[in-house]
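One letter stands for each residue in the lines below.
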Amino acid sequence: MDTQRSPAPLPAAPAANTAADSRFVVTMLMTLKPDGAAGLASFRAQAAPLFQDHDLRIERQLDVRAKGQIVGENPFALPDMIQVLSFPSAERFKAYLADPRYQALAPLRDAALASMTVLAGQDLDISPISTPGLGPVATRLYGVGLVRFKPAGEAGLDTFNARAQALFKRHGMHVERMVRVQHCAQPVGEKDDRMAPERVVIFFLDDASAMRGYIADPEYLALAPLRDKGLARYDFFVGTSSC
């Protein structure tokens, strides 16, 4: 079954700590077939009116360069790209999937892909820790973290982010988005049951060269255990933004 086109029910109500104006976010990890770029471009061109009608926004598209982990060992294959989409609500996302125009066009996209993992859920309110980036988007190093927590472990990540604001400022680290995952699907390719994050974290450094100094900073080394003790696993992919 194509679980993206026939999704399981999605929770209608956002989590308690979502912002009032938050959107429903769909993170897509995609690996192209060798000749898939043209098919994907054709899907996007033909689907543009559909995107507009459902208020679908392409928030970020990353060309993936590497992977890593904070806790655990990242076992997942490196995707070619990660696309972050958003809708006004879960209901609008479901309406998009049910639209006959989408149903007709989706096979064109799927035929261009070797695999696609879809992680969907509600934006979390990160206004207390969100800061604007400096310089052009093209120079940033982006990361997409896939986080699974130990019982009651979420508080550790949130405490780390709150206390690390001076550290972030020194090194140009920014949290762009956090999403509470409510739905995971594998519309294309073989499903890996280990891919079951509870939160997606989208972050970036203003300059990729700052990463080495960031992870070597004594304040980072002091604060990181606050985050790590609550993590069952934290896998991430890094790359540059093409959107």
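Residues numbered from 1 in each chain as written. Predicted model: local features only at pLDDT ≥ 70, side-chain atom pairs only at ≥ 80, totals over all residues. Heavy atoms only, no water.

## Digging into the nonpolar core
- Within the largest apolar cluster, 27 residues are counted, with the highest numbers of intra-cluster contacts made by Phe-160, Phe-168, Val-175, Met-178, Val-201, Tyr-214 and Tyr-234.
- The set of elements that each furnish at least two residues to this core consists of β5 (141-149), α4 (154-163), α5 (165-171), β6 (173-188), β7 (199-205), α7 (218-228) and β8 (231-241).
- No other element matches β8, which puts four residues into this core.
- Not counting residues within four places of it along the chain, the set of residues in contact with Val-201 comprises Gly-143, Val-144, Gly-145, Val-147, Leu-157, Val-175, Arg-177, Met-178 and Tyr-234. (Core = buried A, V, L, I, M, F, W, Y, C linked by side-chain atoms within 4.5 Å. Buried < 20%, exposed > 50% of the residue type's maximum accessible area, 1.4 Å probe, protein only. Helix = DSSP H or I, 4+ residues; strand = E, 2+ residues; numbered from the N terminus. Contact = heavy atoms within 4.5 Å.)

## Comments concerning the confidence of the model for the protein
- Predicted confidence across the protein gives a mean pLDDT of 92, with 92% of residues reaching 70 or more.
- Note on residues 1-16: pLDDT under 50 across the span, and 36 contacts to partners over four residues away in sequence or across chains. (pLDDT = per-residue confidence, 0-100.)

## Here's the deal with the pairing of strand β1 (residues 24-32)
- With seven of nine residues buried, β1 is to be regarded as a mostly interior element.
- Looking at chain direction, β1 and strand β3 (residues 81-87) are connected through seven bridges and run antiparallel. Bridging across to β3, Val-25 finds its partner in Ser-86. (Pairing = 2+ DSSP bridges.)

## Focus on the sheet that holds β6
- The sheet built from eight strands closes into a barrel, its strands ordered β1-β3-β2-β8-β5-β7-β6-β4 with antiparallel pairing. Between one strand and the next, the sheet's axes are offset by a mean angle of 35°, whatever the strand orientation.
- In this structure, β6 lies alongside β7, joined through seven bridges in antiparallel fashion. The residue of β7 that forms the bridge with Met-178 is Val-201. (Axes fitted to C-alpha atoms, helices over the stretch in contact; angles between N-to-C directions.)

## With respect to the pattern of salt bridges
- Taken as a whole and judged by the stated rule, the model has 16 salt bridges.
- Two residues, Asp-110 and Arg-109, come together in a salt bridge whose shortest N-O distance is 2.8 Å.
- What makes Arg-109 buried here is its relative accessible area of 2%.
- Asp-192 is the partner of Arg-194 in a salt bridge, and the nearest nitrogen-oxygen pair spans 2.8 Å.
- Looking at Arg-194, the relative accessible area reads 46%, which means it is partly exposed.
- Relative accessible area serves as the criterion here: at 23%, Asp-192 is assigned to the partly exposed category.
- Salt bridges sharing partners connect three or more residues here, namely Glu-154, Asp-158, Arg-180 and Arg-199. (Salt bridge = Lys/Arg side-chain N within 4 Å of Asp/Glu carboxyl O.)

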